[in-house]
Protein chains: 2
Amino acid sequence: MAKKSARSPSVRDAFRVVPGTFDVTALDPAATPVGPRSKSAAARDAVEVGARLDRLQEALYAEGAGGGRRSVLLVLQGVDTSGKGGTIRHVAGPLNPQGLHVASFKKPTRAELRHDFLWRVRRRLPEPGRIGVFDRSHYEDVLVARVDRLVPAAEWRRRYRLINEFEAELAESGVTVVKCFLHISPERQRQRLVARLENPAKRWKYDPADLAARAKFSQYSAAYQDALVKCSTQAAPWFAIPADRKWYRNWAVANVLLETLQELAPRYPEPSYDPLVELARLQEADPLH
Amino acid sequence: MAKKSARSPSVRDAFRVVPGTFDVTALDPAATPVGPRSKSAAARDAVEVGARLDRLQEALYAEGAGGGRRSVLLVLQGVDTSGKGGTIRHVAGPLNPQGLHVASFKKPTRAELRHDFLWRVRRRLPEPGRIGVFDRSHYEDVLVARVDRLVPAAEWRRRYRLINEFEAELAESGVTVVKCFLHISPERQRQRLVARLENPAKRWKYDPADLAARAKFSQYSAAYQDALVKCSTQAAPWFAIPADRKWYRNWAVANVLLETLQELAPRYPEPSYDPLVELARLQEADPLH
């Protein structure tokens, strides 16, 4: 491990949110601190990264089929147009859909509101051997819930601790949680909202309420600052991803996920049978042969 | 529609199970009744078919986001090594993972057995706007349950009707059900089982119980014959796919799905707002601009 770090600096270290020093307002959404410096270099990398993710995913899936309990959960958060959907498409696209589960969390339904805020999230955790992706998550309950005062301050204030306890429990049970905050500038958000409105095939993605949320950009920044700093733990770190450039955002999230899977090092299970005995059964004692 | 059928014969018609004439024992697992005659021709087709599926899936997803209730459920059945996993990888691979949900049904758990046989299936139906894929399904309850006598004969016999009622109810509620039976020969199954045993990275896919099931090939054929004939309905037809050749199987299932989506003709929702008003708000009245 030490040897490897010496060779190539960790992508995760470049983006990890370190409580005490992290300041969301000082983060450049167009930065490219590590990795490729151009779209074409990123595209060349993407093929190799996709192939590696695919191999590691298959091993994780096999491990799960063999009784292993481990899984990975990638949580994506960010304001409207920050690129959560595009990231899923590009990062999860090369993966085998059978070993993948994407869950989107919208405004809670009435049924969901009758339970505690983690209830709907617990129901959609990845099964053993799978990679789960959350498009928004339980963090909405300390973001929109706080900014729009959907619950009393005392309520959202205690949620940071509940989230940390929940995520520690996940880690304990074999779920590796990786959280990426997609950070874009207000100007880039404006451009993307305009693009959605100008393209008839994209208008369904726009909601007039997006503008109301946009007017609260600074309140959201404050809410993200607290969520990221209070909940970037050893068990479940936050990564702040510069997301003004789509190609860089995709590269960064894919590599954060890749490093996570490499560290997990999933293993094909040892067969519980003797392959030679089974081959003999198939080749010599097979009634259909 | 009539014009189009005159131009190109329907892929679905070539594979549809027609009760009264269908005979699973007369089906050639290596047949290529329509479509490409070679792997390379199929590969050329696959790019175009994948792109079309992707566009239709996005429209279906948008329709769902706009309040539409429709979804598609692709059910895959077939004996061990018939290629359910490979089909998912190839057919669902080009789709956007966000609009896709794959559910695998294994031996029922004790919790699942405490409910009626459709309970676990109902819980994993695709949400509106999504494409769901079932890797095995409620049909196991008239296949392995029958062959291995897991329930009394009177019990599995009544399930065909219950399944038809369930699937009619799904159609009624907006779920278009497409069921594909992947048909392979005993010899091809033997080859694939041997290949799994010979490759250490594939041994996890093999279970000695696969050989016990294989010894009951003819009982499974009889069970498939009944399931396909009794449950190929207008609302939820069965398609019997020759699956000895992987490239042909992938081509056939992709095109059955494509025709289904083309017939559905999902539509982008009309915006509930005035795009020009919103553009003006963003360009002139935006506090962050």
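What this report covers is the structure whose coordinates are included nearby. (Residues numbered from 1 in each chain as written. Chains lettered and ligands numbered in written order. Predicted model: local features only at pLDDT ≥ 70, side-chain atom pairs only at ≥ 80, totals over all residues. Heavy atoms only, no water.)

## Here we look at the environment of B:Val151
All names here are of chain B. Mapped onto the fold, Val151 is located in the loop between α7 (144-147) and α8 (153-172). Between the alpha carbons of Val151 and Asp141 there is a distance of 8.9 Å; along the sequence they are 10 residues apart. Apart from the residues within four sequence positions on either side, Val151 is in contact with Ala145, Trp156 and Arg159. (Helix = DSSP H or I, 4+ residues; strand = E, 2+ residues; numbered from the N terminus. Contact = heavy atoms within 4.5 Å.)

## Some thoughts on the environment of A:Asp210
Residues and elements named next belong to chain A. With respect to the helices, strands and loops of the structure, Asp210 is situated in helix α10 (residues 209-214). With 131 residues separating them along the chain, Asp210 and Val79 place their C-alpha atoms 9.2 Å apart. Residues within four places of Asp210 in sequence aside, it is in contact with Asp80, Leu193 and Lys205.

## Quick look at the sheet that holds strand β2 (residues 100-104) of chain B
All names here are of chain B. Taken in spatial order, the 5 strands of this open sheet run β2-β3-β1-β4-β5, and their pairing is parallel. Whereas interior strands pair on both sides, the edge strands pair on one side only; in this sheet they are β2 and β5 (238-242). Adjacent strand axes in the sheet meet at a mean angle of 20° when their direction is disregarded. For β2 and strand β3 (residues 131-135), the ladder comprises 5 bridges, and the chain directions are parallel. (Pairing = 2+ DSSP bridges. Axes fitted to C-alpha atoms, helices over the stretch in contact; angles between N-to-C directions.)

## Focus: the pairing of strand β4 (residues 175-183) of chain B
Side-chain direction in a regular strand flips from residue to residue, so the side chains alternate between the two faces of the sheet. Residue and element names in this part refer to chain B. Summarising burial for β4: 8 of the 9 residues are buried, a large majority. Alignment of strand β1 (residues 71-77) against β4, held across 7 bridges, turns out to be parallel. Each residue of the ladder has a partner; that of Leu74, found in β4, is Val178. Note that β4 and β5 share 5 bridges and pair parallel. Paired with Cys180 across the strands is Phe239, a residue of β5. (Buried < 20%, exposed > 50% of the residue type's maximum accessible area, 1.4 Å probe, protein only.)

## A closer look at the packing of helix α3 (residues 39-65) of chain A against helix α12 (residues 246-264) of chain A
Residues and elements named next belong to chain A. Running from N to C, α3 and α12 point in directions that differ by 30°, and their axes come no closer than 9 Å. One element, α3, and the other, α12, form an angle in the roughly parallel class. Read as a crossing pair, α3 and α12 show a hand that is left-handed. On the side of α3, the interface is formed by Lys39, Ala42, Asp45, Val49, Arg52, Leu53, Leu56 and Leu60, while α12 contributes Trp247, Trp251, Ala254, Asn255, Leu257, Leu258, Leu261 and Gln262. Residue composition of the contact of α3 with α12, by class: 11 nonpolar, 2 polar and 3 charged. (Parallel < 35°, antiparallel > 145°, perpendicular 65-115°, else oblique. Left-handed = near helix turned anticlockwise from the far one by under 90°. Nonpolar A, V, L, I, M, F, W, Y, C, P; charged D, E, K, R; others polar.)

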